[in-house]
Amino acid sequence: MSLGLLSLIVLGLAGLGFFVGRSRALAVVGGDGRKLHSLPSYHGQSVALFAALPAFFVFGVWLFVQPILIEGSISATIPDSVIPEGGALSLVMADVRRIADGLEALVQAGSLTEASIAQLSTGNTDIRAMLAAGGVALGSDVPQAVLVAATEYRTLSGAGRLAMTGLVLVLAVLGLVLSLRRITPELRARNISEAFVKALLIGASMVAILTTVGIVFSLIFETINFFKMYPAKDFFFSTVWNPQFRGGSDLGILPLLWGTLYVSFVALLFAVPLGLMIAIYLSEYAGPKLRGLAKPAIEVLAGIPTIVYGLFALVTVGPLLRDYLAQPLGLGTSSSSVLTAGLVMGIMLIPFVSSLSDDIINAVPQAMRDGSYGLGATRSETIRQVVLPAALPGVVGAILLAASRAIGETMIVVMGAGAAAKLGLNPFEAMTTVTVKIVSQLTGDTEFASPETLVAFALGLTLFVFTLGLNVIALIIVRKYREQYE
Amino acid sequence: MSDISFPKGAHAQKSLLVLDARTRKRNAAEARFRRMGLVAVTIGILALVGLLSSIIANGASSFRQTFVNLEVYLDPAKLDKTGERDPAKMAKVTTFGYAPLLGRALAQAVEAQGISTEGVSKKDIEALISKEAPATLRNMVLANPELVGQTISLQVLAQGRVDGYFKGRVTMESAALDRNISPAQLEMADALRAAGIITLGYNWGFFTAPDASDTRPEAAGLGVAILGSAYMMMIVLCLSLPIGVAASIYLEEFAPQNRWTDLIEVNISNLAAVPSIVFGILGLAIFINFVGLPQSAPIVGGLVLTLMTLPTIIIATRAALKAVPPSIRDAALGVGASKMQSVFHHVLPLAMPGILTGTIIGLAQALGETAPLLLIGMVAFVREYPGSPPEGFLDPASALPVQVYNWTTRGDPAFVERASGAIIVLLCFLVIMNIAAIVLRRRFERRW
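Caption draft 1: Layout of the overall build of chain A. A count of helical and extended segments in chain A gives 17 helices and two strands. By the compact-globule yardstick of 23 Å for 486 residues, chain A is too spread out, its C-alpha radius of gyration being 32 Å. Its C-alpha atoms put chain A at 90 × 75 × 40 Å along the principal axes. For chain A, the residues scored as buried account for 43% of the 486 residues in total.

Caption draft 2: Up close: the overall build of chain B. Counting its secondary structure elements, chain B contains 20 helices and three strands. Taken against the 2.2 N^0.38 rule, which gives 22 Å for 448 residues, the C-alpha radius of gyration of chain B at 32 Å runs more than 25% over that of a compact globule. Split into buried and exposed, the 448 residues of chain B put 44% on the buried side. By sequence separation, contacts in chain B at least 24 residues apart represent 78% of the contacts at least 6 residues apart.

Caption draft 3: Inspection of the confidence of the model for chain B at higher detail. All names here are of chain B. Mean pLDDT over chain B: 86, with 97% of residues reaching 70 or higher. When the elements of chain B are averaged for pLDDT, helix α1 (residues 2-5) gives the smallest value, 52, and helix α16 (residues 326-334) the largest, 94. For this predicted complex, the interface confidence reaches an ipTM of 0.89, while the overall pTM sits at 0.86.

Caption draft 4: Layout of the domain arrangement of chain A. Taken domain by domain, chain A comprises domain 1 (3-187) and domain 2 (241-484). The straight-line distance from the C-alpha centre of domain 1 of chain A to that of domain 2 of chain A is 49 Å.

Caption draft 5: Molecular detail of the domain arrangement of chain B. All names here are of chain B. Looking at chain B, the domain boundaries give domain 1 (10-59), domain 2 (64-219) and domain 3 (223-444). Between the C-alpha centres of domain 1 and domain 3 the distance comes to 41 Å. Of the residues lining the interface, four residues belong to domain 1; the matching set on domain 3 comes to six residues. Its residues assigned to classes, the side of domain 1 that touches domain 3 comprises two nonpolar, two polar and no charged.

Caption draft 6: Fine view of the environment of Pro413 of chain B. All names here are of chain B. Within the fold, Pro413 resides in the loop between α19 (400-408) and α20 (414-444). Classification of Pro413 as partly exposed rests on a count of 15 C-beta atoms within 10 Å. When the C-alpha positions of Pro413 and Pro217 are compared, they lie 8.9 Å apart, and in sequence the two are 196 residues distant.

Caption draft 7: View of the pairing of strand β1 (residues 64-73) of chain B. Residue and element names in this part refer to chain B. In the sheet, β1 pairs with strand β3 (residues 198-202) via five bridges, with the strands oriented antiparallel. Bridged to Phe67 within β3 is Thr199. The sheet contact formed by β1 and strand β2 (residues 151-157) spans seven bridges and is antiparallel. The residue bridging Asn69 from the neighbouring strand is Gln155, located in β2.

Caption draft 8: Inspection of the interface of chain B and chain A at higher detail. On the chain A side, the residues contacting the 66 residues of chain B number 64 residues. Top contributing element to the side of chain B that touches chain A by residue count: helix α2 (residues 21-59) of chain B, with 19 residues. The residue inventory of the side of chain B that touches chain A, partitioned by class, reads 48 nonpolar, 14 polar and four charged.

Caption draft 9: Summary view of the sheet that holds β2 of chain B. All names here are of chain B. Pairing is antiparallel across the open sheet formed by three strands, whose spatial order is β2-β1-β3. Each of the sheet's edge strands pairs with one partner strand only, and the pair in question is β2 and β3. On average, each strand axis in the sheet is tilted by 40 degrees relative to the strand beside it, whichever way the strands run.

Caption draft 10: Layout of helix α14 (residues 379-408) of chain A. Between the first and last C-alpha of α14 of chain A there are merely 37 Å, a value that for 30 residues lags more than 12% behind the 44 Å anticipated at 1.5 Å per step. In the structure, α14 of chain A departs most strongly from a straight axis at Leu392 of chain A, where the bend amounts to approximately 60 degrees and where the proline Pro393 of chain A lies between one and four residues downstream.

Caption draft 11: Just the packing of helix α9 (residues 254-285) of chain A against α2 of chain B, in detail. Where α9 of chain A contacts α2 of chain B, the two axes come as close as 8 Å, and the packing angle between them is 115 degrees. When the interaxial angle is binned, α9 of chain A and α2 of chain B end up roughly perpendicular. The interaxial crossing formed by α9 of chain A with α2 of chain B has left-handed handedness. Packed against α9 of chain A, whose contacting residues are Leu274, Met277, Ile278, Ile280, Tyr281, Leu282 and Tyr285 of chain A, the element α2 of chain B presents Arg34, Met36, Gly37, Leu38, Ala40, Val41, Ile43 and Gly44 of chain B at the interface. Residue composition of the contact of α9 of chain A with α2 of chain B, grouped by class: 12 nonpolar, two polar and one charged.

Caption draft 12: Spatial organisation of the nonpolar core. Within the largest apolar cluster, 189 residues are counted, with the highest numbers of intra-cluster contacts made by Leu311, Val344, Val353 and Ala402 of chain A. Counting 36 residues, the second-largest nonpolar core is a separate cluster that includes Val68, Tyr98, Ile129 and Ile181 of chain B.

Caption draft 13: Region of the structure containing the environment of Leu374 of chain B. Structurally, the position occupied by Leu374 of chain B is in helix α18 (residues 371-375). Its 24 C-beta neighbours within 10 Å are what place Leu374 of chain B among the buried residues. When the C-alpha positions of Leu374 of chain B and Pro401 of chain B are compared, they lie 9.9 Å apart, and in sequence the two are 27 residues distant. Apart from the residues lying within four places of it in its own chain, the contact partners of Leu374 of chain B are Val439 and Thr443 of chain A together with Gly280, Val379, Val402 and Tyr405 of chain B.

Caption draft 14: Inspection of the packing of helix α1 (residues 3-28) of chain A against helix α2 (residues 40-77) of chain A at higher detail. All names here are of chain A. Packing of α1 against α2 brings their axes to within 7 Å, and their N-to-C directions diverge by 150 degrees. Considering their axes alone, α1 and α2 lie roughly antiparallel with respect to each other. Two packed elements cross with a definite hand, and for α1 against α2 that hand is right-handed. Its residues assigned to classes, the contact of α1 with α2 comprises 16 nonpolar, eight polar and one charged.

The rules behind these values
Residues numbered from 1 in each chain as written. Chains lettered and ligands numbered in written order. Predicted model: local features only at pLDDT ≥ 70, side-chain atom pairs only at ≥ 80, totals over all residues. Helix = DSSP H or I, 4+ residues; strand = E, 2+ residues; numbered from the N terminus. Rg over C-alpha atoms; globule rule 2.2 N^0.38 Å. Buried ≥ 20, exposed ≤ 12 C-beta atoms within 10 Å, placed from the backbone. Contact = placed C-beta atoms within 7 Å. pLDDT = per-residue confidence, 0-100. Domains from an automatic or database assignment. Nonpolar A, V, L, I, M, F, W, Y, C, P; charged D, E, K, R; others polar. Pairing = 2+ DSSP bridges. Axes fitted to C-alpha atoms, helices over the stretch in contact; angles between N-to-C directions. Expected span 1.5 Å × (residues − 1). Bend = angle between axes of the 7 residues up to and from the residue. Parallel < 35°, antiparallel > 145°, perpendicular 65-115°, else oblique. Left-handed = near helix turned anticlockwise from the far one by under 90°. Core = buried A, V, L, I, M, F, W, Y, C linked by C-beta atoms within 7 Å.

Structure representation (structure tokens):
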């Protein structure tokens, strides 16, 4: 029975439970709803919940646990001799799974029977050709031990699936019947169904926590794997980044960090003064008309996907900078450069700086400005000597948030900054960043369990720690500042 | 004593109506500061204008396409040697069997129009037609074998360079250096255009066709990418809206004020600021390596984007719930509703416009997101349309922004035009979604 069909049946039982439960609640009190503690539909809901939830819970847990258990018992039976030189058990297990899937597909298509599977052996049949006909392509011929493991795998998962189907259906029916029999006028059905709903709400709010846990664990787990293969000291302190296909790579993070910080610095150098001046002008000088026009226009910049900025850097800004600045000055010939990426990223960051600073400048109490005007200061003097110092912590928070955006930005640097890992000062040269290398190491063809791929997780963890640190500091600053004037 | 606190020269002031040097300096500084602000605003707006106009200037031409109109004789001796009109047997003739037919048809048309063929070989004439055209013709014939033996009039794609020539991307000078096209061929194309055999038409294929290989930019389209993006948006909507709303209701209406709730809240605001590429790593490690979902599948992309969109939706929903006045809740509780009933029957419907606005904005963000999708393999070359949902969620597909990135990595400059065109399509979707959000807010937002 397919999983979809099974869940449909359980859902159907739950739906049935709702209607039967509702009418049974009314029947218990002879059609007089006032005698019930809860409205009839709450009785229906609680029956439906009892039919569906335990069944779905077991369903989910089983789907999760069964492959782990079966895999454990099968991989113990695979002899070391079939594991290829330099390969891993996980690769053999992947073959086992695919052969098992292929056999299952052939049985479904009717070209194999259960009896013939039991007699299969590598001696009398070309398994690879047979499976290729069934749509499963294998890289090499199948050793006998793997075939045996695959048939075993198939039998076990078939049996597991059958047991699960039975258990889920029994649970659903049992839940339905028991909760139906429980219905009495005094039953607090509303409280039951509301407790369920509340549990559901709590579960939904857990998703955020689970996501963070998932991020942290997946990063840390693979990073530890990476450091088992590659010394941590070299990763953090080596100045050479030179991954090789055949091992022996130099994977020092310093050139990447340098590129990241350089590009972010250029971007902030562009975005902070501009964004700050825009915020000041729009909140202190501009009339309502200009403000109503310019503020949304600037904020549109924040809604544009980064891929658009990337293309802008690649197609327009890069060639422009190369032809009119870099080449005449003799500083470089590459259209992707630190300056290209930094400039375009700066444009992207303008709205982050300007709208946050705008909020913060507006939060400075008018009384402070009035006091300054009363002493005879001009507007710009008031802004520079009263408003900005008062808003400074908040503005610093805004800048830190923008910096964390800049460090984590991917598409603009992938398309605008280049791929050469260098420690240089020339802004017209191509350099690379942490995010660019995460993309290139994880989209390449290298084997997953090699340091060249796993380094991406260590880079990701570094990035995560950096941006998280910046965010936490920024949020603390902004929050503290907001409280000052409230 | 006053001598000390007054700067020297302060007494020199004669009249209040004459500005002294210091006041003039201060006023000049004021004007300068103000001008700087105006310049900053102008630069900001110019950046927006420059960004959009550069994309539109590069991409607008991708919505038009050069076609070749031909009268093709489908020679039975070439296409169906058995004469049975059996598609299974005719399928043995590959596109190499069809290409000469198209070439001959074009050569005949050239001859009939009396166009000079000086410096242009038979092969060069055939090369004016896209390499995709024989495949189109073959599919047409296999779908309808009765066509064999007839002369059909057909509109096929012209080669990418010819297309580029009519759009101004390829010039005679660049053609002289190009292995794929010669100036003589372009002159012939000019003559063919004057004769009406080559025409420029609207490029519907750009929206419906799948991606094409590196050598056929003229055939590349967004069909698979639009479908893949639509699938992912469906998944994001179906998952992030209920989860996001449920989480916000709990945090805003039920959660006790304690450390645990604080932790969740800090968590959500931090998740909103985690770089998108980290979500891609999460998707790769959890959904693909651990759970074993297939690479390049819309379901994985949808799940990753859901996790990314959740903080946006939760923050918007909480703001919308907060905006509903407490008197509504008190009234519901006063007439005997339970807490749950007051929330679901009264607060939630009133907060709905705000929630939907936040959801649309979250979806728009998710639609333009690229980096995490690169890591889960959506950048692969996919020519097959994914099946219909729900099985189609597991088929390989592309996505709009990833398709843009994919095209920018190809060598042929024709792909830059396509990529810019794809961005225009993407931006159109985003504009529509944002306008929908604004309209929703304007029409239904209530202020108490």
